[in-house]
Amino acid sequence: MTTIHEVAAAAGVSISTVSYALSGKRPVSEKTRRRIEDAAQTLGYQPDAGARMLAGRRTHIFALTEPLRADTHAPTHMAFVLATAVAARRRGYDILLLTDEQTSDGMNRVAASNLVDAILVLDVAPDDERVDIARSVRTPTIFIGLPDDQRDLTCVDLDFEAAGHLAIDRLADAGHAAVHLLGQTEVSYRKSNFPRRLLRGVEERAADRGVALTWTATGAAATDPALVRRSAEAALDDGIRAFVVHAVGDVHDVLLEVLDERGLALGVDASVISAAASFDTSVLASPIDTIPLVPQQSCELAVDIAVRHLDETNVPPEIHLIAPEYHGAGSVRPPRD
């Protein structure tokens, strides 16, 4: 096993300097600390975790609390878990995944044991019980998502309201006076905050632009293809030719099938925008304009902020909203003069 003596020799510093740099017990210049960390990583040096905890030093472990419920859409949630793990590993940290549905139990446990250096929170609910825990523990806690009560919290997320604004603006500029939103599952609007936020953005901008808005959820616990089909057909029967889809890929597939059956050409007779899509929309039968939700963006920023809380003192709580981007693919008809 690599020893601290070998790390010191490789970095060209004393053993005590290596100890200070890796423990954080005394200040070391950023240049020296990075040289020592690079040497430790290259040589595979890992101080004993128990000793690090007893000394109040870093464990180089982040807890990631992600409750896995029966209604969880696993591909979407695992995309965020993977993005967080990759970002953490790039910064020299491992991830301890907490998946218990009673999210407070695991979070209290790791905070009380000093097992982790920071806690990252996924699948944030409107009235998330982890908010009170984050305020009560000393462990830096970063929310990847926004609860209703954001006071004294640090949160990172896509600006879902702005994404809703952007989608309606594109459709209104194309001359559509009515839009139908195919939304998330019904349970998502009760247990998660992001569907509500995008819906709020769509509703706000539709009112501002004088666009008639209707919307439907896509089922109870899982996507209901028959419900999606009925919703799309009813909207078309009402003369609506513009759709915003905030749902999984299967919902897009059903909508595209209905449009094709009606003989409506995408980007000519009808317009479709996929809002806050976290999957690869290129696999769809037809290209669709997309406002993507990129897990890597929010997860990498959250990890960077967590490390900053460890490296600096008195970092103030802050809400970090990522501006949405629009990727055109020809599924929205050109703007009307």
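See the structure printed just above.
Residues numbered from 1 in each chain as written. Predicted model: local features only at pLDDT ≥ 70, side-chain atom pairs only at ≥ 80, totals over all residues. Heavy atoms only, no water.

J.: Explain the sheet that holds strand E9 (residues 271–277) to me, please; I cannot follow it from the model alone.
T.: With parallel pairing, five strands are arranged side by side in an open sheet as E7-E6-E8-E9-E10. The two strands at the open ends of the sheet, each matched to only one other strand, are strand E7 (212–216) and strand E10 (289–292). Within the sheet, the average angular offset between the axes of one strand and its neighbour, ignoring direction, is 20 degrees. Taken together, the five bridges between strand E6 (residues 178–182) and E7 define a ladder with parallel strand orientation. The residue of E7 that forms the bridge with Ala178 is Ala212. Contacts between helix H11 (residues 225–237) and the sheet are confined to E6, E7 and strand E8 (242–245), with E6 contributing the most and set at about 180 degrees to the helix. (Pairing = 2+ DSSP bridges. Helix = DSSP H or I, 4+ residues; strand = E, 2+ residues; numbered from the N terminus. Axes fitted to C-alpha atoms, helices over the stretch in contact; angles between N-to-C directions. Contact = heavy atoms within 4.5 Å.)

J.: How should helix H10 (residues 194–209) be read in this particular structure?
T.: The end-to-end C-alpha separation of H10 is 23 Å, in line with the 22 Å expected for 16 residues at 1.5 Å each. Three or more residues of H10 are buried, namely Pro195, Arg197, Leu198, Leu199, Gly201, Val202 and Ala206. Phi turns positive one or two residues past the end of H10, at Gly210, with a value near 70 degrees. (Expected span 1.5 Å × (residues − 1). Buried < 20%, exposed > 50% of the residue type's maximum accessible area, 1.4 Å probe, protein only.)

J.: Is there a simple way to think about the nonpolar core in this case?
T.: Burial of nonpolar side chains together is a common tendency in soluble globular proteins. Among the nonpolar cores identified, the biggest contains 47 residues, and Phe62, Leu120 and Leu198 are the most heavily contacted of them. Those residues in contact with Leu198 that lie beyond four places of it in its chain are Phe160, Ala163, Gly164, Leu181, His246, Ala275 and Ala276. Ala235, Ala247, Val258 and Leu264 belong to the second largest nonpolar core, which has 21 residues in total. (Core = buried A, V, L, I, M, F, W, Y, C linked by side-chain atoms within 4.5 Å.)

J.: Would you mind showing me how to read the packing of aromatic side chains here?
T.: Where two aromatic rings form a pair, the distance of their centres and the angle of their planes describe that pair. The full count for this structure, using the stated rule, is three aromatic pairs. Both rings, one in Phe62 and one in Tyr93, keep their centres 4.2 Å apart while their planes meet at 15 degrees; by these two values the pair is stacked. Highlighted residues: Phe62 in strand E1 (residues 61–65) and Tyr93 in the loop between helix H5 (74–90) and strand E2 (94–98), separated in sequence by 31 residues. For the residue pair Phe62 and Tyr93, the accessibility class agrees, reading buried in each case. Ring geometry for Tyr189 and Trp215: centres 5.1 Å apart, planes at 55 degrees, overall tilted. Of this pair, Tyr189 sits in helix H9 (residues 186–191) while Trp215 sits in strand E7, placing them 26 residues apart in sequence. For Tyr189, a relative accessible area of 12% corresponds to the buried category. Above the ring of Tyr326, the side-chain terminus of Arg170 is found at 3.9 Å from the ring centroid. (Phe/Tyr/Trp six-rings, centres within 6.5 Å; stacked < 30°, edge-to-face > 60°. Lys NZ or Arg CZ within 6 Å of the ring centre and 35° of its normal.)

J.: Would you mind showing me how to read the sheet that holds strand E3 (residues 118–121) here?
T.: Hydrogen bonding along the main chain pairs the strands of a sheet, whether they run parallel or antiparallel. Strand order in this open sheet of six strands is E2-E1-E3-E4-E5-E11, and the pairing throughout is parallel. Since the sheet does not close on itself, it has two edges, and those belong to E2 and strand E11 (319–322), each with one partner. Averaged over all neighbouring strand pairs, the angle between strand axes comes to 20 degrees, with direction disregarded. The pairing of E3 with strand E4 (residues 141–144) spans three bridges and is parallel. Its bridge partner being in E4, Val121 is matched across the sheet by Phe143.

J.: Please explain the pairing of strand E5 (residues 154–158) as it appears in this structure.
T.: Put simply, side chains in a regular strand alternate between the two faces of the sheet. Extensive coverage of E5 is indicated by the burial of five of its five residues. The pairing of E5 with E11 spans four bridges and is classified as parallel. Bridge pairing links Cys155 to Ile319 in E11.

J.: Is there a simple way to explain the packing of H11 against helix H12 (residues 249–261) in this structure?
T.: Any two packed helices are characterised by how steeply their axes cross, that is the angle between the axes, and by the distance between the axes. Look at H11 against H12: their axes get within 9 Å of each other, and the N-to-C directions meet at 45 degrees. Between H11 and H12, the interaxial angle falls into the category oblique. For the crossing formed where H11 meets H12, the hand is right-handed. On H12, the residues that touch Pro225, Val228, Arg229, Ala232, Glu233 and Leu236 of H11 are Val251, Val254, Leu255, Glu257, Val258, Leu259 and Glu261. Across the contact of H11 with H12, the residue classes break down as nine nonpolar, no polar and four charged. (Parallel < 35°, antiparallel > 145°, perpendicular 65-115°, else oblique. Left-handed = near helix turned anticlockwise from the far one by under 90°. Nonpolar A, V, L, I, M, F, W, Y, C, P; charged D, E, K, R; others polar.)

J.: How should I be thinking about unusual backbone geometry in this particular structure?
T.: With the exception of glycine, the majority of residues adopt a negative phi angle, and the majority of peptide bonds are in the trans configuration. Residues other than glycine seldom take positive phi values, yet Asp152 does so here, at roughly 60 degrees. Take Asp152: it is sitting in the loop between E4 and E5. Residue classification places Asp152 among the exposed residues on the basis of a relative accessible area of 54%. For Asn314, which is not glycine, the phi dihedral falls at a positive 55 degrees. Considering the arrangement of structural elements, one finds Asn314 in the loop between helix H13 (295–311) and E11.

J.: I would appreciate a short explanation of the environment of Arg89 in the present structure.
T.: Relative to the assigned elements, Arg89 resides in helix H5. On the accessibility criterion, Arg89 (38% relative accessible area) is partly exposed. Once the C-alpha coordinates of Arg89 and Thr154 are considered, the two residues, 65 residues apart in sequence, prove to be 21 Å apart.

J.: Help me out: how do you make sense of a negative patch on the surface in this one?
T.: On the surface, a cluster of negative charge is made up of Asp105, Asp127, Glu129 and Asp148. If you trace the backbone, Glu129 turns up in the loop between E3 and helix H7 (130–136). (Patch = residues over 30% accessible without salt bridge, like charges linked within 9 Å, V, L, I, M, F, W, Y side chains within 5 Å. Areas by Shrake-Rupley, 256 points an atom, 1.4 Å probe, with all protein chains shown as cover. Salt bridge = Lys/Arg side-chain N within 4 Å of Asp/Glu carboxyl O. Lys, Arg positive; Asp, Glu negative; His and termini not counted. Charge placed at Lys NZ, Arg CZ, Asp CG, Glu CD.)

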